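# A structural walkthrough
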Amino acid sequence: MQLMEKVAMLTRQNETFALAMIIESKGSTPRHVGKMIVYRDGTIEGTVGGGLAEHYVIEDSVKAIQDGQSKIVEYKLNKHAKDGIQMNCGGTLRVFIEVYTSRPELILAGAGHLGHALAKLADFLEYPYCIVDDRVGYCTKERFPNATNLFVNEDIGKALLAANLNEKSYVVIVTKDCDDIVLKTALQFPIAYVGMVASKRKVISIFEKLKSEGVTQEQLEQVHSPIGLEIDSETSEEIAISIIGQIIKLSKEKKPVKVKQLN
């Protein structure tokens, strides 16, 4: 597979990575052209020349991914030059590091009015989302034409399991009467976010129930409830904006990433 084909595939798969490209090379350098995909853990595909210069490109690419910002970096391949790196080539290399950041993948548990409002907002933002519900009449392609998947089961816990939750999943719980089942199921997975629409009294009741069923306090501390940013929202559309706003905010926060040891 050609490198740019791999970039296109990773983009379709909603992965986070960086593409490092040599944009200028002066004097003696390992390579004058080259492209390299750099993943969050420092693993790579392709090359910009190997050696110490590539090591620095990988380090700067991982940092750019963590910062969520593309940038141009320059290296003096001369150990005697000011700010130079420990190389004897003597040339100068400029590299553009383009960061591709994955979008939140929404799991909307609840196909009612609020779920529908959230889906419309996700459509506008071009966020991928699926719908989970226990009602065949609500969870339909007509109501959610752009959903990546519809998961319907009279046991909503089984419907949620079919969504294959992972570390990119942002679970929003807006069911008619199954919040506890969905929350308990969601907390079994290393998801990025889980939020539940509920009053303070309902939150206390559900948390006590789940504790009695073996859910730990540490797991429950992951739950955002009341959900969303505090903007005094009232309508379904306003509440949807507050929820998506919170998800955007949290998805942009820097998270430490374990980087593969470079030799």
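Residues numbered from 1 in each chain as written. Predicted model: local features only at pLDDT ≥ 70, side-chain atom pairs only at ≥ 80, totals over all residues. Heavy atoms only, no water.

The name given to the protein in an unreviewed UniProt entry is Xanthine dehydrogenase, molybdopterin recruitment factor, with the source organism recorded as Peribacillus simplex.

### What to know about the layout of surface pockets
Looking at the second largest pocket, its volume works out to about 260 Å³. Around the second largest pocket sit Val197, Ala198, Pro226, Ile227, Gly228, Leu229, Glu230, Ile231, Asp232, Ser233, Ile239 and Ser242, which together line it. (1 Å grid on protein atoms, 1.4 Å probe; cavity = no way out; pocket = protein on both sides within 12 Å on 5 of 7 lines; lining within 4 Å. Points joined across faces, edges and corners; volume = space filled by probe spheres on them.)

### Let's talk about the UniProt feature "domain: XdhC- CoxI" (unreviewed entry) in the protein
According to UniProt, the feature "domain: XdhC- CoxI" (unreviewed entry) maps to residues 11-75 in the numbering used here. The distance from the first to the last C-alpha atom of residues 11-75 is 28 Å, and the span holds 29% helix and 37% strand. (UniProt positions renumbered as here; feature names shortened; annotations may be inferred. Helix = DSSP H or I, 4+ residues; strand = E, 2+ residues; numbered from the N terminus.)

### Focus on the sheet that holds strand E3 (residues 44-47)
With antiparallel pairing, five strands are arranged side by side in an open sheet as E3-E2-E1-E5-E4. Here the strands that pair on one side only, and so sit at the sheet edges, are E3 and strand E4 (71-76). Recorded for the sheet is a direction-independent mean angle of 25 degrees between the axes of neighbouring strands. Bridge count between strand E1 (residues 17-26) and strand E2 (residues 35-39): five bridges; the pairing is antiparallel. By the bridge assignment for E2, phenylalanine 17 is matched with tyrosine 39. With respect to the sheet, helix H1 (residues 3-12) is in contact with E1, E2, E3 and strand E5 (92-100), its orientation differing from that of E2 by roughly 30 degrees. Across the sheet, helix H2 (residues 51-67) lies against E1, E2, E3, E4 and E5, angled at about 50 degrees from E2, the strand it touches most. (Pairing = 2+ DSSP bridges. Axes fitted to C-alpha atoms, helices over the stretch in contact; angles between N-to-C directions. Contact = heavy atoms within 4.5 Å.)

### Side note on helix H5 (residues 179-186)
For H5, the tally of buried residues reaches six of eight residues, placing the bulk of the element in the interior. Buried residues along H5 sit against strand E6 (105-109), helix H4 (156-161), strand E9 (169-173), strand E10 (193-196), helix H6 (200-212) and strand E11 (223-224). (Buried < 20%, exposed > 50% of the residue type's maximum accessible area, 1.4 Å probe, protein only.)

### Side note on the environment of asparagine 14
Along the chain, asparagine 14 falls in the loop between H1 and E1. On the basis of relative accessibility, which here comes to 5%, the residue asparagine 14 falls in the buried class. Asparagine 14 sits 103 residues away from alanine 117 along the chain, and the two C-alpha atoms are 23 Å apart. Ignoring any residue separated from it by four or fewer positions in sequence, one finds asparagine 14 in contact with Ser102, Arg103, Glu105, Pro128 and Lys168. Here arginine 103 takes part through its backbone oxygen, which lies 2.8 Å from a polar atom of the side chain of asparagine 14. (Polar contact = N/O pair within 3.5 Å; in protein donor to acceptor, adjacent residues only side chain to side chain.)

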